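Structural overview for review
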Amino acid sequence: MNRARKKRAAQGSSPSSSPLQGEGKKDARSKHKRGRVFLVGAGPGASDLITIRGADVLGRADVVVYDNLVSPELLQLAPPKAELIYAGKRGGSEKNIEQTALNAILIEQARKGRVVVRLKGGDPFIFGRGGEEAEALARAHIEFEVVPGVTSAIAGPAFAGIPLTHRGHGSFVALVTGHEDESKGASAVPWNELVAAAHHGGTIVILMATARMRATLDRIRAAGLPDETPAVAVQWATTAAQRTVSATLASLADVSAREGIGAPAVIVVGELAGMREHLKWVERTPLFGRTVVVTRARAAASDFATTLRRLGAEVVEFPTIETAPPRSYTALDRAIKRIDSFDWIIFTSAMGVESFVERLKSRGGDIRALGDASIAAIGPATAARLADYALQVAAVPDEYRAEEIVSAIGIKQIRGKRFLIPRAEVAREALPEILRDKGAKEVVVAPAYRTVKPKGAQIGRMRELIASEKIDLVTFTSSSTVTNFCELLGVPAKGIRAAAIGPITAATAEERGLEVVVKPRKYTIEALTEAIREYYAAANGST
């Protein structure tokens, strides 16, 4: 509910107003306006498997009530001011909220006029008690909407290379709970009918199966499915922790116990489970099983994170920098007033380009005023951003760092020339010093933006991941990301493997005790990604 709607709801109508009068009727409705609850499927584990609709709803939430198996990455999609309520929902956990109490929370929050997202692992209506929650909301006359999610019953087999149906081999799928309470006597699952159908190419998928795996598989055997029927267990499907074991109906329980397969896991039984050996694909991705941390600012991290995920990595986004306006625009505004006096404008980052152009526009400036100045860009990303504004770049150094700008511009083009450098408020002084040493007539450094530590960083979670040694690699794209990473965490960085985009970033990382194992030959995100792929390809080949 936006601010204007909240104000109207708060005003309401006076007790003496008649609900039958036009405006009074409108106010009465506003006074009793209720919120809305969205039952959202978070998907099977990988954060990028949430639906577009689910991500959109999450981005508008006032309250998020989430389960244990929901990826922490998804919680970052919620607005910073959203209230997060942990519901637990993991077997044996003391932090679980009892279902009736959970229903009451959803109702109470909605009656406060809030947008409530009930974020549930998998799909809300597949063994997720979403039906019970929807019933409770309907009885309380609370508006709700169901946003389906990718269930692990589908995603687990898919990531294991198992088609649940196949035109030539299987024509039906049965989704079954493996969490039946044996003390209740006869099973509510029609095992005999399911097994009879499975004889004709059907596939049985069992969820919540690990605690009673042996008993469940024995029931299937007792119903007549042959012991040699292929069977597969997939644990932590779609995440870096995914593990898959293949066996037979008779041996899967023993194999799973030996391999330490536990919850959460999906079991697939049927002839199609045998196709895994030919169709398994995720294990063949270059970064399968690797957890990689991306420390870039969130706005700049998206493409990088997406590419790493496509290579099979589980990506943890932990932004260690954000951009903000400089403390003072004085230097930049003075430079903009005399923009036609500069011979060269040197941009050191894409953010410098963006911030400069935005300030120029806000001051009533004209991009055409740059026409007489030559433009230099440090790095292809900076050059590409300039091209977005139809600004031609006259010089780009072969190596994307300030020290190489001299060879790109040429000594003759430096002597006696005036230079403007719109850049971050705090940056290395190497570039202006080099230009002055080479005979530049004037070098104006104008802060266009500054980098700051982000608020609301999930520091506790990152410390837990480091302590449990679940992080394979941390990526750094600037010295600032290294410094802030170490300062935010406040723990020794020794032993953490790092990928650094360039030698300056690498040196900062090594000074902080990080083990830099990836250094690309070119200082670009594309080259960094390829270097990470090559590093793990070599590591996989040696094991």
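Heads up: these notes are all about the structure in this document. (Residues numbered from 1 in each chain as written. Predicted model: local features only at pLDDT ≥ 70, side-chain atom pairs only at ≥ 80, totals over all residues. Heavy atoms only, no water.)

Here we take up the sheet that holds strand 2 (residues 63–67). Strand order in the open sheet formed by 5 strands is 3-2-4-1-5, with parallel pairing between adjacent strands. With partners counted over all chains shown, the strands left at the sheet margins are strand 3 (83–88) and strand 5 (143–147), one partner each. For this sheet the average axis-to-axis angle between neighbouring strands, irrespective of direction, equals 20°. Taken together, the 6 bridges between strand 1 (residues 36–41) and strand 4 (residues 115–120) define a ladder with parallel strand orientation. Among the inter-strand pairings, Gly41 is bridged to a residue of strand 4, identified as Lys120. Packing of helix 5 (residues 99–111) onto the sheet brings it into contact with strand 1, strand 2, strand 3 and strand 4, and relative to strand 4 it is tilted by some 155°. Strands strand 1, strand 4 and strand 5 of the sheet are contacted by helix 6 (residues 130–139), whose axis makes an angle of about 170° with strand 1. (Pairing = 2+ DSSP bridges. Helix = DSSP H or I, 4+ residues; strand = E, 2+ residues; numbered from the N terminus. Axes fitted to C-alpha atoms, helices over the stretch in contact; angles between N-to-C directions. Contact = heavy atoms within 4.5 Å.)

Overall, the coordinates contain 34 salt bridges when judged by the stated rule. Of the charged contacts, one joins Arg276 and Glu283 as a salt bridge, the two residues approaching to 2.9 Å between their closest N and O atoms. The exposure class of Glu283 is partly exposed, given its relative accessible area of 25%. Salt bridges sharing common partners tie together Arg36, Arg53, Asp56, Arg60, Glu143 and Glu145. (Salt bridge = Lys/Arg side-chain N within 4 Å of Asp/Glu carboxyl O. Buried < 20%, exposed > 50% of the residue type's maximum accessible area, 1.4 Å probe, protein only.)

The amide bond that connects Ala263 to the next residue, Pro264, takes the cis arrangement and shows omega of -5°. If you trace the backbone, Pro264 turns up in the loop between helix 10 (252–259) and strand 10 (265–269). Not every positive phi belongs to a glycine, and His141 is a case in point at roughly 60°. With respect to the helices, strands and loops of the structure, His141 is situated in the loop between helix 6 and strand 5. The backbone of Met208 sits at a positive phi, close to 50°, despite the residue not being glycine. Along the polypeptide, Met208 turns up in the loop between strand 7 (203–207) and helix 9 (213–222).

Turning next to the packing of helix 9 against helix 10. Direction vectors running N to C along helix 9 and helix 10 enclose 165°, while the axes themselves pass 9 Å from each other. Accordingly, the angle class assigned to the pair helix 9 and helix 10 is roughly antiparallel. When the axes of helix 9 and helix 10 are compared, the crossing they make is right-handed. Within the contact between the two elements, helix 9 uses Met213, Arg214 and Leu217 and helix 10 uses Leu252, Ala253, Asp254 and Ser256. Taken together, the residues of the contact of helix 9 with helix 10 sort by class into 4 nonpolar, 1 polar and 2 charged. (Parallel < 35°, antiparallel > 145°, perpendicular 65-115°, else oblique. Left-handed = near helix turned anticlockwise from the far one by under 90°. Nonpolar A, V, L, I, M, F, W, Y, C, P; charged D, E, K, R; others polar.)

A few words on the sheet that holds strand 11 (residues 291–294). Overall, parallel pairing links the 5 strands, which are arranged 12-11-18-19-20 in an open sheet. Because the sheet does not close on itself, it has two edges, and the strands there are strand 12 (314–317) and strand 20 (515–518). Across this sheet, the average inter-strand angle for adjacent strands is 35°, counted without regard to direction. Inspection of the sheet shows strand 18 (residues 473–476) paired to strand 19 (residues 497–500) by 3 bridges, in the parallel sense. If you follow Phe476 over to strand 19, its bridge partner there is Ala500. Relative to the sheet, helix 20 (residues 503–511) contacts strand 18, strand 19 and strand 20, its axis offset from that of strand 20 by approximately 145°.

The next thing to look at is the nonpolar core. Counting residues in hydrophobic clusters, the biggest one holds 26 residues, and the most contacted among them are Leu217, Ile220, Leu252, Ile267 and Val269. Sorting the residues of this core by element identifies strand 6 (173–177), helix 8 (191–198), strand 7, helix 9, strand 8 (230–235), strand 9 (243–248), helix 10 and strand 10 as the ones contributing at least two each. When residues of this core are assigned to their parent elements, the largest contribution, 4 residues, is made by helix 8. The next biggest cluster of nonpolar side chains, apart from the first, holds 24 residues, and it includes Phe342, Ala373, Leu386 and Leu420. (Core = buried A, V, L, I, M, F, W, Y, C linked by side-chain atoms within 4.5 Å.)

Regarding helix 15 (residues 380–388), the residues found buried are Thr382, Ala383 and Leu386. Considered in projection along helix 15, the buried side chains sweep an arc of 100° and stay on one side of the axis. Opposite the packed face of helix 15, turned more than 90 degrees from it, sit the exposed residues Ala381 and Asp388. Considering only its buried residues, helix 15 is in contact with strand 14 (344–347), helix 14 (350–362) and strand 15 (374–377). Of the residues one or two after helix 15, Ala390 is the one with positive phi, at around 60°. (Arc of directions from axis to C-beta.)

We now examine the packing of helix 18 (residues 459–467) against helix 19 (residues 479–489). The contact between helix 18 and helix 19 brings their axes to 10 Å, and the two run at 95°. The angle between helix 18 and helix 19 falls in the class roughly perpendicular. Judged by residue contacts, Ile459, Met462, Arg463 and Ile466 of helix 18 engage Phe485, Leu488 and Leu489 from helix 19. Residues that form the contact of helix 18 with helix 19 fall into these classes: 6 nonpolar, no polar and 1 charged.

On to the packing of aromatic side chains. As enumerated under the stated definition, the model contains 7 aromatic pairs in all. On the numbers, 5.5 Å between centres and 55° between planes, the contact of Tyr66 with Tyr86 is tilted. Residue Tyr66 is located in strand 2, and its partner Tyr86 is located in strand 3; the two are separated by 20 residues in the primary sequence. With a centroid separation of 4.9 Å and 75° between ring planes, the pair formed by Tyr535 and Tyr536 is classed as edge-to-face. Note on Tyr535: relative accessible area 26%, which makes it partly exposed. Among the aromatic residues, ring-to-ring pairing joins Phe318, Phe476 and Phe485 into one connected group. Between the NZ or CZ atom of Arg359 and the centre of the ring of Tyr329, over which it lies, the distance is 3.8 Å. (Phe/Tyr/Trp six-rings, centres within 6.5 Å; stacked < 30°, edge-to-face > 60°. Lys NZ or Arg CZ within 6 Å of the ring centre and 35° of its normal.)

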